[in-house]
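Architecture and fold: a report
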Amino acid sequence: MTDNSNIGDGLSSLISFTGLSIPARARFVAQCIGTAIYSSLTVGLVAGQTGAVLPCGPLVPFVTGSFLGYAWGCVGFWRISRKKAINCARRYPKILAHEMLTHFDIEVPENV
């Protein structure tokens with residue numbers, strides 16, 4: 001499986017080149033929606049084209065393929081985001097402990 005984190009990094013560097021400032025939450029949501037839509041359309045169109053040759057017609061395969069592509073894109077984006085979050089938590093545990101204390105009033109023990 002290829003590393004899809006380069007896609008978002010390229011887009012964020014393009015946006016920073018223009019001088020615009022987009023909040024991290026909005027960038028995260030936009031990347032999630034973009035990934036899901038792209039995979040949904042890709043799998044849906046391939047399934048629809050395949051279904052056009054079959055006697056069932058293209059509508060049912062397109063809808064099924066779009067649904068499966070959307071789910072596949074969301075799960076794939078979730079896996080990449082989870083991997084990034086775990087990597088950041090392992091690299092910067094003190095920053096994570098400070099964030100949990102300031103925003104959620106959860107004290108993290110020193111030995112964790």
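Starting afresh in each chain, residues are numbered from 1 along the sequence in its written order. Whole-chain, interface and lining totals are the exception, using all residues; otherwise, since this is a predicted model, local features are given only for residues with pLDDT of at least 70 and side-chain atom pairs are given and counted only at 80 or more. Where side-chain values are given, they derive from all heavy atoms of the structure, hydrogens and water being excluded.

For the rest of this paragraph, the subject is the confidence of the model for the protein chain. Here pLDDT means the predictor's own confidence in every residue, given as a number from 0 to 100. With 84% of its residues at a pLDDT of 70 or more, the protein chain shows a mean pLDDT of 85. For the protein chain, the element scoring lowest by mean pLDDT is helix 1 (residues 5–18), at 62; helix 3 (residues 59–91) scores highest, at 94. Every helix listed is a DSSP run of H or I at least four residues long, and every strand listed is a run of E at least two residues long, numbered separately from the N terminus.

Bringing unusual backbone geometry into the picture now. A positive phi angle is found at aspartate 105, which is not glycine, with a value near 55°. Mapped onto the fold, aspartate 105 is located in the segment after helix 4 (93–104).

Another point: the side chain of serine 39. Mapped onto the fold, serine 39 is located in helix 2 (residues 24–53). Here a polar contact is recorded for every N or O atom pair within 3.5 Å, except that within protein the pair must consist of a potential hydrogen donor and a potential acceptor, and residues adjacent in sequence are included only if both atoms are side-chain atoms. Only 2.7 Å separates the side chain of serine 39 from the backbone oxygen of glycine 69, close enough to count as a polar contact. Any pair of residues with heavy atoms lying within 4.5 Å of one another is described as a contacting pair. With residues up to four places along the chain from it excluded, the contact list for serine 39 reads Gly69, Tyr70 and Gly73.

Right, let's talk about the packing of aromatic side chains for a bit. Whether two aromatic rings pair depends on their centres lying within 6.5 Å, for rings of Phe, Tyr and Trp, where Trp uses its six-membered ring; planes under 30 degrees apart make the pair stacked, over 60 edge-to-face, and the rest tilted. Within the structure shown, the criterion is met by one aromatic pair. For the pair phenylalanine 28 and phenylalanine 77, a centre-to-centre distance of 5.3 Å together with 50° between the ring planes defines the contact as tilted. Here the residue phenylalanine 28 occupies a position in helix 2, and phenylalanine 77 occupies one in helix 3, the gap between them amounting to 49 residues. With relative accessibility at 11%, the residue phenylalanine 77 sits in the buried group. Exposure categories follow from relative accessible area, calculated using a 1.4 Å probe and restricted to protein chains: below 20% of the type maximum is buried, above 50% is exposed, and the middle band is partly exposed.

Turning our attention to a nonpolar patch on the surface. Think of a patch as exposed residues, more than 30% relative accessible area, with no salt bridge, where like charges cluster within 9 Å and nonpolar side chains (Val, Leu, Ile, Met, Phe, Trp, Tyr) cluster within 5 Å. In this description, accessible areas are obtained by the Shrake-Rupley approach with a 1.4 Å probe, and a residue is regarded as covered only by the protein chains that are shown. Salt bridges are defined by distance alone: a side-chain nitrogen of Lys or Arg within 4 Å of a carboxyl oxygen of Asp or Glu. On the surface, a nonpolar cluster with roughly 550 Å² of combined accessible area is contributed by Phe28, Val29, Ile33, Ile37, Leu41 and Leu45. Mapped onto the secondary structure, leucine 45 falls in helix 2.

The length a helix should cover is 1.5 Å for every residue beyond the first. For helix 3, with 33 residues, the first-to-last C-alpha span of 48 Å sits near the 48 Å given by 1.5 Å per residue. When we look at burial in helix 3, the residues that qualify are Pro61, Gly65, Ser66, Gly69, Gly73, Gly76, Phe77, Ile80 and Ser81.

Turning to the state of the cysteines, a few remarks are in order. Note that a disulfide, as used here, is simply two cysteine sulfur atoms within 2.5 Å. Scanning the entire structure with this criterion turns up zero disulfides. In this structure cysteine 32 is not part of a disulfide, and its nearest cysteine sulfur, from cysteine 74, lies 5.1 Å away. Relative accessible area serves as the criterion here: at 24%, cysteine 32 is assigned to the partly exposed category.

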